[in-house]
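Understanding the architecture of this molecule
Below are the chains, spelled out letter by letter.
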Amino acid sequence: MVLIAGPCSVESRQQILDIAQAVRASGAHLLRGGAFKPRTSPYSFQGLGEQGLEYLAEARAKTGLGVVTEVMAPEQVPLVSQYADMLQVGARNMQNYALLHAVGESQLPVLLKRGMSASMDELLMAAEYVLSHGNRKVVLCERGIRTFETATRNTTDINAIPVLKSLTHLPVILDPSHSTGHWEYVNAVARAAVAAGADGLIVEVHTRPQEALSDGGQSLKPERFAEMVGQVRAVAEAVGRKLLSDEALVLKEKALR
Ligand code: PEP
Ligand code: MN
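Because the structure is a prediction, the values reported are computed rather than measured.

**What about the overall build of the protein chain?**
Scanning the protein chain from terminus to terminus reveals ten helices and eight strands. Relative to its length of 257 residues, the protein chain is compact, with a C-alpha radius of gyration of 17 Å against a globular reference of 18 Å. For the protein chain, the spread of C-alpha atoms along the principal axes amounts to about 45 × 40 × 40 Å. The buried share among the 257 residues of the protein chain stands at 55%. Restricting to contacts in the protein chain with at least 6 residues of sequence separation, those with at least 24 account for 69%. The average position of the 26 basic charges and that of the 27 acidic charges among the side chains of the protein chain differ by 3 Å.

Next comes the structure, spelled out in structure tokens:
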């Protein structure tokens with residue numbers, strides 16, 4: 001199992017360096033952080049753009065963590081690819097076919113998030129766009145779907161994990177941060193996903209969630225992330241899985257190149 005962690009958005013050089021060090025120390029394998037942010041409101045923080053990508057690259061150099069970051073438009077793929085190790089296609093862009101085409105022509109692995117109202121079949125067809133353009137390195141991400149429930153930001157579709165895994169060979173991970181929208185529920189839902197067979201987790205972590213420019217309320221503080229990793233490791237072992245060791249990660253990366 002692979003753990004991806006980091007802030008929703010890259011906000012400053014110090015912010016991403018501090019968070020990268022913290023999640024690395026707790027056993028994360030990859031660093032997340034948005035430089036181009038798909039915000040619901042055009043007046044919300046839109047991300048630092050290329051400057052944010054540069055900070056991510058510096059965090060990678062300092063920690064050894066690979067970088068996962070979102071690409072919002074086909075014309076951004078060349079720029080983002082200069083800095084990223086994995087391209088994230090966000091929920092709002094799951095059916096942006098021009099973008100799927102562009103990441104399908106890239107050599108980088110793609111983290112494809114399920115649209116907030118997309119069926120599993122639609123997610124799989126979106127993945128098919130990437131695969132059919134030649135990029136076979138696709139990871140599917142359940143990030144919660146829209147339902148009538150308002151107690152949480154979205155509803156975690158735990159079913160998606162075994163169903164998608166039975167329908168495809170692609171790895172399936174869960175984003176419990178967006179699927180719940182509240183930091184208090186992230187750990188419990190992360191454990192549930194691991195028990196259900198998820199191949200990994202992508203979790204928002206922030207050193208000062210109260211001051212975050214996006215998604216602070218659903219971000220774990222580093223110490224809570226550390227606690228989550230310990231519990232996730234125990235659940236993984238209980239169901240015959242393991243968190244990827246650092247050595248295995250290096251070997252896998254080499255094999256993919
Ligand atoms: C994110 O990962 O910060 C994000 C915007 O996620 P989603 O596309 O799932 O809403
Ligand atoms: Mn977010």
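Here the narrative resumes, following the displayed structure.
**Some words on the coordination of the manganese ion (ligand 2)**
Protein-derived coordination of the manganese ion (ligand 2) comes from Cys 8 (SG), His 178 (NE2), Glu 204 (OE) and Asp 215 (OD), at a distance range of 2.0 to 2.4 Å. Counting residues between consecutive donors of the manganese ion (ligand 2) along the chain gives the motif C-x169-H-x25-E-x10-D. Of the two residues, His 178 sits in helix 7 (residues 176-180) while Asp 215 sits in the loop between strand 8 (200-204) and helix 9 (222-238), which places them 37 residues apart along the sequence. Comparing His 178 with Asp 215, the two get one shared label, buried.

**Description of the site of ligand 1**
The immediate surroundings of ligand 1 are formed by Cys 8, Arg 32, Lys 37, Gln 88, Gly 90, Ala 91, Arg 92, Lys 113, Arg 143, His 178 and Glu 204. For ligand 1, whose unbound accessible area comes to 300 Å², protein coverage reaches 97%. Partitioning the shell around ligand 1 into residue classes produces two nonpolar, three polar and six charged.

**Comments concerning the pattern of salt bridges**
Evaluation of the coordinates by the stated rule reveals ten salt bridges. For Glu 204, the salt bridge identified is with Arg 32, shortest N-O distance 3.4 Å. Of this pair, Glu 204 sits in strand 8 while Arg 32 is found in strand 2 (residues 30-32), placing the two residues 172 residues apart along the sequence. For the pair Glu 204 and Arg 32, a shared accessibility class is recorded, and that class is buried. With its nearest N and O atoms 2.7 Å apart, the salt bridge here joins Glu 58 to Lys 62. Within this pair, Glu 58 and its partner Lys 62 are both found in helix 2 (residues 50-63), separated by four residues, close to a single helical turn. By sharing partners, the salt bridges in this structure join Arg 13, Glu 58 and Lys 62 into a single network.

**Brief notes about the pairing of strand 5 (residues 110-113)**
Judged by which residues are buried, strand 5 turns out to be covered on both faces: Val 110 and Leu 112 on one side and Leu 111 and Lys 113 on the other are all buried. Inspection of the sheet shows strand 4 (residues 86-89) paired to strand 5 by three bridges, in the parallel sense. What sits directly across from Leu 87, in strand 5, is Val 110. As for the winding sense of the linkage, the β-α-β connection from strand 4 through helix 4 (residues 97-104) to strand 5 is right-handed. Of the pairings in the sheet, the one linking strand 5 to strand 6 (residues 138-142) comprises four bridges and is parallel in character. Directly across from Lys 113, in strand 6, lies its bridge partner Cys 141. Handedness of the β-α-β unit built from strand 5, helix 5 (residues 120-132) and strand 6 comes out right-handed.

Rules behind the numbers
- Residues numbered from 1 in each chain as written.
- Chains lettered and ligands numbered in written order.
- Predicted model: local features only at pLDDT ≥ 70, side-chain atom pairs only at ≥ 80, totals over all residues.
- Heavy atoms only, no water.
- Helix = DSSP H or I, 4+ residues; strand = E, 2+ residues; numbered from the N terminus.
- Rg over C-alpha atoms; globule rule 2.2 N^0.38 Å.
- Buried < 20%, exposed > 50% of the residue type's maximum accessible area, 1.4 Å probe, protein only.
- Contact = heavy atoms within 4.5 Å.
- Lys, Arg positive; Asp, Glu negative; His and termini not counted.
- Charge placed at Lys NZ, Arg CZ, Asp CG, Glu CD.
- Donors = N, O, S within 2.8 Å, 3.2 Å for Na, K, Ca; no water.
- Near = heavy atom within 4 Å.
- Areas by Shrake-Rupley, 256 points an atom, 1.4 Å probe, with all protein chains shown as cover.
- Nonpolar A, V, L, I, M, F, W, Y, C, P; charged D, E, K, R; others polar.
- Salt bridge = Lys/Arg side-chain N within 4 Å of Asp/Glu carboxyl O.
- Pairing = 2+ DSSP bridges.
- Right-handed = clockwise from strand over helix to strand, strands pointing away.

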